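# Remarks on the overall topology
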Amino acid sequence: MVSLDYASGRTAQTIVDNHNVASKVQTPGLTLKSCLDFSYTAPMSPFTSILRRYPASLPWMLPIVLVLLFVAVLLWLPWQAQKMEANERQEQLIADTLWVEQSLLFQLKRNEENLFSLAHEVLQKKETQTERDNLQARSKLLLSNSHEILSLQIWNAQQQLILSQSDTDTQSEITKDLQQGTQVAELIHDGNRINVAQCVKQSGAQDTILCRFPILQEKTSLGAFTVRYRLQTLLDEAVPWWFAQDNEISLQDSDEQTLAKRSAGGPGKHIYTHNRQIELPQLNLTLHTDSTKSAPKLLSNLLVVSVVLLSAGLLWSLIALWRDINRRLRAEGALRKEVAFRAAMENSLITGLRARDMEGRLTYINPSFCAMVGYPPEDIIGRLPPMPYWAPEAIAEYEQRFAQILTGTVQPEGFETIYQRANGERFPVLIYESPLVDEHGTQTGWMSSILDISELKRAQERSRQQEEKLHANARLATMGEMASMLAHELNQPLAAISSYTTGAINLLNEDPKDAALLPAVLDKVRQQAQRAGQVIRSVHEFVKKREVERAPLNIATLIHNIAPLIELQAQHAQVHVHYQVEPQLPEVLADKVLLEQVLLNLTRNAIDAMQDIAAECKQLQIHAHLSFTRTDQILIQIIDHGAGISDDIAAELFSPFFSTKPEGMGMGLNICRTAIEFHGGSLQHRANPEGGTIFEFSLPIQ
Ligand code: ADP
């Protein structure tokens, strides 16, 4: 199992659990890295573990229930508001109807009192005509002030009509009233009903009621009076206009027959209605009110519209939120997968990874880096330079590089340096740096990949040693070839020495006077001996196995030193050598012996190539001058006039052991190229326009 520390985002830990150990045992040879490949388990975030413990839909239940409750309450509220409004209207109607009833009764009562007082006076003060006229005028005024009263009559105890007043001119009405009055007179004499007032409904052109009231004084009947009310006028007078505007008001009899009606605001809607009994003496009238208002509409209600809009908005936002959360969850899942994949990849890398912030503080390292330097992550993460894995002797270099990095300068091709393990062991590393950029495009630090190149270096050393061996072998082979030429060449100075010494002895023996010639002869001997010694020294240097040593070197001197050996070969093949070396050439940093070997190889090949051509063409040219294309390089050319190199041979030219010569080793050019490249130069060949081949190599100036 691999557990990753997501909290810090920096460290990773690898644990092999029992299962994997078992699987490792069953499959011998399986490495930990391959275990990682198939046994990796993604880490569980707290959120994920909650989701796994409960059904996926559960976290959604509570908000959904709450939202449904909210919507239900929102829908219930307007309904309740409508109901309350209806109740309020009904209650208002009842209160107004009560008020109207009181107003009607008050009007009737006031009329009754006024009439009673008038009747009382009429019955008591009837002596003079003036008084009678006054009372008549008062009764008229009363009638004109109270429009609802159609007529009134006053009777005395003797059933005589004392006063009659009416605003109707029709005789029939008066007669009717008088008849009623007769009944009143009867009423006065009726001892049982003497105190009882009566109201009677009368239907006609206009519905009216006739009320009869006894006039009593200390239980003695003085008479009675009758009054006739026009019901329509009563309604018109007693009901205020604002009430009539909103309601249809009617007075009905006990059979629900409408006697009078007032409806200023139009007919009632039969939605809000109320009935009040108006109890008159021996007559029951009903005050019926019917509101012109219609029932409150549910949907026109602003509240309802707001509720519907709010609910729709809420639902929409919930759905949007749900989608957004789903999208985020999916993205989080993908991200987690990606992080796990990358973490597993980083853990399985053999390349060390290291992240640093802009101050150089270590913010992340992978297990491979920890293994490389031998420090646990907790010991180095968060540290600022100098780092514990810096080798003390290279601290100046690290600091210089670090300063460069802080200025933003990186070497894209990487650089080599040395690190120190926790146990003090030094090891070479190759480091590549690249900037760490966050999601806003701002650089937050540096990411480095570090390669432990100890093994590579060891392999390079082995290869170098093998090459050295090959060089040595090649030198030996060349020596073998040269041995016979050497023998021949050394023969010449030795034979000359021998002849000179014999001549000298002869001179001394034959004529001592000629002894003066001896120094010249001996000088010749010395010269020949020096030449032989130089040849032998060159060969010795050439064959000697040695370490490569680079030192400042003058090319002209090098060519001068090697010239005897070149000429030795050239003379043997009757080749004439021409030198064209630019004076004052700058020095190069090179290994003298390697370059001599290169020159010897190339010149020997050139001499070999001119073996079968006409003697006058056997010209070997050795040129050395500054490169025309690159002034920081010296170009050395070996030019022959031989057979040239065909394309087939050119393709194989630098391959090891490729040779067209019966006794050739085929290593010469290969070694030459390696040696030149080792010095940072390059070896090439091209056809000589005058026939033959030009081999040339460049060397960088020191
Ligand atoms: P060797 O000299 O032992 O054959 P080299 O690697 O020096 O090995 O040369 C390989 C081959 O390249 C030679 O056998 C020869 O055929 C060809 N070669 C080298 N130099 C020349 C030259 N100057 N002209 C023509 N052929 C050449």
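For the rest of this paragraph, the subject is the pattern of salt bridges. On inspection of all chains with the given rule, the structure shows 23 salt bridges. In this structure, the salt-bridge partner of arginine 361 is aspartate 357, at a minimum N-O distance of 2.8 Å. The exposure class assigned to aspartate 357 is buried, which follows from its relative accessible area of 16%. Arginine 630 is the partner of aspartate 632 in a salt bridge, and the nearest nitrogen-oxygen pair spans 3.0 Å. According to the relative accessible area criterion, aspartate 632 is partly exposed, its value standing at 36%. Residue classification places arginine 630 among the partly exposed residues on the basis of a relative accessible area of 43%.

So, on to the sheet that holds strand β21 (residues 633-639). Strands sit in the order β18-β20-β21-β23-β22 across an open sheet of five strands; the sheet is mixed. Strands at the two margins of the open sheet, each flanked by one partner only, are β18 (576-581) and β22 (682-687). The mean angle between the axes of side-by-side strands here comes to 15°, regardless of whether they run parallel or antiparallel. In this sheet, β21 lies alongside strand β20 (residues 619-626) in antiparallel orientation, the contact comprising six bridges. Counted as the bridge partner of alanine 624 is isoleucine 636 from β21. Across the sheet, helix α18 (residues 668-678) lies against β22 and β23 (693-700), angled at about 130° from β22, the strand it touches most.

Glancing now at the packing of aromatic side chains. The full count for this structure, using the stated rule, is eight aromatic pairs. Relative to tyrosine 398, the ring of tryptophan 390 lies with its centre 4.7 Å away and its plane at 40°, an arrangement referred to as tilted. You'll find tryptophan 390 and tyrosine 398 in the same group, each marked buried. Judged by centre distance (6.4 Å) and plane angle (80°), the ring pair of tyrosine 419 and phenylalanine 427 falls under edge-to-face.

Among the secondary structure elements, glutamate 148 is positioned in the loop between α5 (129-145) and β3 (149-156). Take glutamate 148: its relative accessible area is 1%, and that puts it in the buried class. When neighbours within four sequence positions are excluded, glutamate 148 is seen to be in contact with Gln107, Asn111, Arg228, Tyr229, Arg230, Thr233, Leu234 and Glu237. In this structure the side chain of glutamate 148 is engaged in a polar contact, spanning 2.7 Å, whose partner is the side chain of asparagine 111.

In this structure, Ile555, Leu602, Leu620, Ile636 and Phe697 are the most contacted members of the largest nonpolar core, which totals 40 residues. Secondary-structure elements contributing two or more residues to this core are α15 (555-572), β19 (588-590), α16 (592-609), β20, β21, α18 and β23. Contacts of phenylalanine 697, omitting those with residues within four sequence positions, involve Val598, Leu599, Leu602, Ile634, Leu635, Ile636, Ile638, Ile676, Ser682 and Leu683. Leu123, Leu143, Cys211 and Ile249 belong to the second largest nonpolar core, which has 39 residues in total.

The next point concerns the site of the ligand. If you check the shell around the ligand, you find 20 residues, and the closest are Arg604, Asn605, Ser659, Thr660 and Lys661. In this structure, asparagine 605 approaches the ligand through a side-chain N or O atom, which is 2.8 Å from an oxygen atom. For the ligand, the protein covers 94% of the area, taking 530 Å² as the surface of the free molecule. Elements supplying a minimum of two residues to the shell around the ligand: α16, α18 and β23. At four residues, the largest contribution of residues to the shell around the ligand is made by α16. Counted by class, the shell around the ligand contains nine nonpolar, eight polar and three charged residues.

A word on the packing of α15 against α16. At a minimum axis distance of 10 Å, the contact between α15 and α16 shows a crossing angle of 40°. As judged from the angle between their axes, α15 and α16 are oblique. By crossing handedness, the relation of α15 to α16 is classed as right-handed. Each of Ile555, Leu558, Ile559, Asn561, Ile562, Leu565, Ile566, Gln569 and Ala570 in α15 lies in contact with α16, whose residues at this interface are Lys592, Leu595, Glu596, Leu599, Leu600, Thr603, Arg604 and Ile607. For the contact of α15 with α16, the class distribution of residues is eleven nonpolar, three polar and three charged.

Our next topic: the pairing of β20. Alignment of β18 against β20, held across six bridges, turns out to be parallel. Across the sheet, histidine 578 pairs through a bridge with glutamine 621, a residue of β20. The turn joining β20 and β21, which pair antiparallel and follow one another in sequence, is formed by six residues.

Turning our eyes to something else, we now look at the pairing of strand β13 (residues 362-365). It is a general feature of regular strands that their side chains alternate between the two faces of the sheet. Sheet analysis places strand β12 (residues 352-357) next to β13, joined by three bridges and oriented antiparallel. Paired with arginine 356 across the bridge in β13 is leucine 362. Connecting β12 to the next strand, β13, in antiparallel fashion are four residues, including glycine 360 with a positive phi near 95°.

Looking now at the side chain of arginine 354. You can see arginine 354 is positioned in strand β12. Residue classification places arginine 354 among the buried residues on the basis of a relative accessible area of 2%. Side chain to side chain, arginine 354 and tyrosine 389 meet in a polar contact 3.4 Å long. Side chain to side chain, arginine 354 and tyrosine 419 meet in a polar contact 2.9 Å long. Residues contacting arginine 354, with those up to four places away along its chain left out, are Leu362, Tyr364, Ile365, Phe369, Tyr389, Tyr419, Ile431, Glu433, Trp446, Met447, Ser448 and Ile450.

What counts, and where the lines are drawn
Residues numbered from 1 in each chain as written. Predicted model: local features only at pLDDT ≥ 70, side-chain atom pairs only at ≥ 80, totals over all residues. Heavy atoms only, no water. Salt bridge = Lys/Arg side-chain N within 4 Å of Asp/Glu carboxyl O. Buried < 20%, exposed > 50% of the residue type's maximum accessible area, 1.4 Å probe, protein only. Pairing = 2+ DSSP bridges. Helix = DSSP H or I, 4+ residues; strand = E, 2+ residues; numbered from the N terminus. Axes fitted to C-alpha atoms, helices over the stretch in contact; angles between N-to-C directions. Contact = heavy atoms within 4.5 Å. Phe/Tyr/Trp six-rings, centres within 6.5 Å; stacked < 30°, edge-to-face > 60°. Polar contact = N/O pair within 3.5 Å; in protein donor to acceptor, adjacent residues only side chain to side chain. Core = buried A, V, L, I, M, F, W, Y, C linked by side-chain atoms within 4.5 Å. Near = heavy atom within 4 Å. Areas by Shrake-Rupley, 256 points an atom, 1.4 Å probe, with all protein chains shown as cover. Nonpolar A, V, L, I, M, F, W, Y, C, P; charged D, E, K, R; others polar. Parallel < 35°, antiparallel > 145°, perpendicular 65-115°, else oblique. Left-handed = near helix turned anticlockwise from the far one by under 90°.

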